[in-house]
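# Commentary on secondary and tertiary structure
Chain residues, written in single-letter form:
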Amino acid sequence: MLLYIHVPFCRVKCGYCAFFSLPLAKGSAGASQLSGYLSSLLGELRFWRTRLGKVQVESIFFGGGTPSLLPAKAVAGLLEQVREAFMLPAQAEISVEANPDSALADGWLFDVRTAGVNRLSLGVQSFDDNTLTLLGRVHSSRMAEAAFATARAAGFTNISLDLMWGLPGPGGRAQSQRHWLQQLKRAVELQPEHIAAYGFTQETGSPLAKACAAGELGLPSEQAQASMYLAGADYLESQGYMQYEISNFARMGFNCRHNIGYWEGKDYLGLGPAATSTLGNRRWTNAENLIAWRGAVRSGQLGTEGEELDTSARMKELLMLRLRMTKGLPLKEWQAVSGYSFLKRYASLVAVLQQKGLAATRGGFFRLTRPGMLVSDAILAHFFQILDGGL
């Protein structure tokens, strides 16, 4: 089982963000917020220990929000409680997301590394200070580089950098391919083990999405975005970062095991407000509200509302998640879930995709090529249409 812990607090909500997060107050009010959250989080952990027994946890991921706003002592205490509640192997991957500004708090990186965190995901997004301001980030490029250096000094040997491409800009000055490659070069110069390169998306209701809709900001053309993606991926692979998923690149042996677990359909338990869990064929999401979530923990009403994943849902998810990965869809696993041959049932669509260079079949896997990944949503829609029609 994978364990995800959602930390909902941020200093400032970024302009592109659609994840559930809340501003963390300053001083004693902020300390009170954190105290209440941690108390409920431990209560939720105890609830699932009673329900599930001492199951094995393969990986832990602190996401957010901004997990680096948690005091290092709180991270250490949570990991200690997880070890008591579940079986946590010594080799388990334990990741924490961090923003450069809060990661640089006195001793924080050293203390969480000592507590057992062995993978750091640093939210850089860009090394251009003007771009960071546009995105609503509160750190500078210099802070990002300082946070990386401090993480190395603290003993982190598995660091990922998050970057964004296809960014909007004012007055027709959207991000160019040259600018994107410059950001990647700055990242590679630091020599992280992993780079996550996400395309900008207009998340409903976010300030940047509203600005784009109002014409205040412009986006790169679809052709420019496609070129940016392909050129960036080629550059990263030329520097030793192999693509293993649509947006993720890593040096040999440093693929994110936790995220691979999601894409391979492993069971996962999510703790905290707005966290989603999937155990067996059942899925549920905690209340996207801090007060409502804390109330559910107090009353023991956790996981009561959700959905049972039927065969059709499992097939769609298998297709959607596995085609995110460069390895692709395992055809034997598809046959086991669906009861039929993928290549025979979808022969016509598969043939068209392969003729256009968007997909390939090799070694028992059907996979999307890099150009295919660019239009993966459209490709999946075609497969789903056939699946829903029972054709």
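Residues numbered from 1 in each chain as written. Predicted model: local features only at pLDDT ≥ 70, side-chain atom pairs only at ≥ 80, totals over all residues. Heavy atoms only, no water.

## Looking at the sheet that holds strand S17 (residues 329–330)
Here is the rule we go by: When DSSP finds at least two bridges between two strands, those strands are taken to pair. Secondary structure follows DSSP: runs of H or I at least 4 residues long count as helices, runs of E at least 2 residues long count as strands, and numbering of each begins at the N terminus.
Strands sit in the order S17-S19-S18 across an open sheet of three strands; the sheet is antiparallel. Every interior strand has two partners, whereas the edge strands, S17 and strand S18 (359–362), have only one. In terms of strand pairing, S17 meets strand S19 (residues 365–368) through two bridges, oriented antiparallel. Across the sheet, the residue bridging to Leu329 is Phe366, located in S19.

## Overview of the packing of aromatic side chains
Inclusion rule: Only centres within 6.5 Å qualify two rings of Phe, Tyr or Trp (six-membered ring in Trp) as a pair; their planes then separate them into stacked at under 30 degrees, edge-to-face at over 60, and tilted for everything else. The cut-offs for exposure are 20% and 50% of the maximum accessible area for each residue type, with area from a 1.4 Å probe on protein chains only; residues under the lower value are buried, those over the upper are exposed, and the others partly exposed. Here, over-ring charges are defined by two tests on the NZ atom of lysine or the CZ atom of arginine: distance to the ring centre within 6 Å, and angle to the ring normal within 35 degrees.
In total, this model carries 17 aromatic pairs according to the counting rule given. Taking the centre distance of 4.9 Å and the plane angle of 85° together, the rings of Phe47 and Trp48 count as edge-to-face. In this structure, Phe47 and Trp48 share a single accessibility class: buried. Ring-pair connections join several aromatic residues into one group, and the members of that group are Trp334, Tyr340, Phe342, Tyr346, Phe366 and Phe383. Arg251 extends its terminal NZ or CZ atom over the ring of Tyr241, reaching a point 4.2 Å from the ring centre. The ring of Tyr340 has Arg345 sitting right over it, with the charged end atom 3.7 Å from the ring centre.

## Things to note about the nonpolar core
The criterion, for reference: What is meant by a nonpolar core is a set of buried Ala, Val, Leu, Ile, Met, Phe, Trp, Tyr and Cys residues, joined one to another through side-chain atoms within 4.5 Å. Note on contacts: a residue pair qualifies if any of its non-hydrogen atoms lie within 4.5 Å across the two residues.
Residues Tyr37, Ile60, Trp334, Phe342 and Phe383 are the most contacted members of the largest nonpolar core, which totals 97 residues. Residue contacts for Trp334: discarding those within four places in its chain leaves Met315, Leu318, Leu319, Leu329, Gly339, Tyr340, Phe342, Tyr346 and Leu387. Membership of the second largest hydrophobic core comes to 11 residues, among which are Cys14, Tyr16, Leu167 and Cys212.

## Some remarks on the side chain of Gln243
Threshold: Within 3.5 Å is the distance limit for a polar contact, defined as a pair of N or O atoms, with the added protein rule that one can donate a hydrogen and the other accept it, and that residues adjacent in sequence qualify only through two side-chain atoms.
Looking at the element boundaries, Gln243 is found in strand S11 (residues 242–245). Separated by 3.1 Å, the side chain of Gln243 and the backbone oxygen of Ile246 make a polar contact. When residues no more than four places from it in sequence are discounted, the contact partners of Gln243 are Tyr229, Ala233, Glu237, Asn248, Phe249, Thr326, Arg370 and Met373.

Function-wise, these values are silent; they only describe arrangement.
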